[in-house]
Amino acid sequence: METYVWVLIGLQVITFWELRRQRRMIKANMEIVRITPMLLEIMALQKQLNDVQNDLKNVQNIETEFKRIIGNL
């Protein structure tokens, strides 16, 4: 009978730790769901920044070419 009680206690402990682990996983998943829209927004802003940097390089190239043409006159 005593062994049976210890087995039941052991199962309860295992169940407790498993539920605790699952709760931590659920919290982590909720955090991922909360952060994902922010990450998508950051990625969109990075693309916009990259586009602006490319535009700036194009303008600088045009400016350099313009100065070269003016210098040759």
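Up top is the structure.
Residues numbered from 1 in each chain as written. Predicted model: local features only at pLDDT ≥ 70, side-chain atom pairs only at ≥ 80, totals over all residues. Heavy atoms only, no water.

(A) Broad picture of the overall build of the protein chain. Looking only at helices and strands, one finds one helix and zero strands in the protein chain. The C-alpha atoms of the protein chain give 31 Å as radius of gyration, which overshoots the globular expectation for 73 residues (11 Å, by more than 25%). The principal-axis extents of the C-alpha atoms in the protein chain amount to approximately 105 × 15 × 5 Å. Accessible area for the protein chain stands at about 7200 Å²; split by element, carbon and sulfur atoms hold 68% of it. (Helix = DSSP H or I, 4+ residues; strand = E, 2+ residues; numbered from the N terminus. Rg over C-alpha atoms; globule rule 2.2 N^0.38 Å. Areas by Shrake-Rupley, 256 points an atom, 1.4 Å probe, with all protein chains shown as cover.)

(B) Just the pattern of salt bridges, in detail. Taken as a whole and judged by the stated rule, the model has five salt bridges. The salt bridge involving K47 is made with D51; its shortest N-O contact spans 3.2 Å. Here K47 pairs with D51, and both are found in helix 1 (residues 2-72), just four residues apart, close to one helical turn. The exposure class of D51 is partly exposed, given its relative accessible area of 33%. (Salt bridge = Lys/Arg side-chain N within 4 Å of Asp/Glu carboxyl O. Buried < 20%, exposed > 50% of the residue type's maximum accessible area, 1.4 Å probe, protein only.)

(C) Inspection of the packing of aromatic side chains at higher detail. Counting across every chain of the model gives one aromatic pair. An angle of 75 degrees between the planes, with centres 5.3 Å apart, marks the rings of F16 and W17 as edge-to-face. The partly exposed category is assigned to W17, whose relative accessible area is 46%. (Phe/Tyr/Trp six-rings, centres within 6.5 Å; stacked < 30°, edge-to-face > 60°.)

(D) A look at the environment of T64. Turning to its location among the elements, T64 is positioned in helix 1. The exposure class assigned to T64 is exposed, which follows from its relative accessible area of 53%. Residues T64 and V5 lie 59 residues apart in sequence; the distance between their C-alpha atoms is 86 Å.

(E) Representation of a positive patch on the surface. On the surface, a cluster of positive charge is contributed by R20, R23, R24 and K27. On the basis of relative accessible area, K27 is assigned to the exposed category, the value being 54%. (Patch = residues over 30% accessible without salt bridge, like charges linked within 9 Å, V, L, I, M, F, W, Y side chains within 5 Å. Lys, Arg positive; Asp, Glu negative; His and termini not counted. Charge placed at Lys NZ, Arg CZ, Asp CG, Glu CD.)

(F) Structural context of helix 1. Between the first and last C-alpha of helix 1 there are 102 Å, a value that for 71 residues agrees with the 105 Å anticipated at 1.5 Å per step. A maximum bend of about 30 degrees is found in helix 1 at I35, where proline P37 lies one to four positions downstream. (Expected span 1.5 Å × (residues − 1). Bend = angle between axes of the 7 residues up to and from the residue.)

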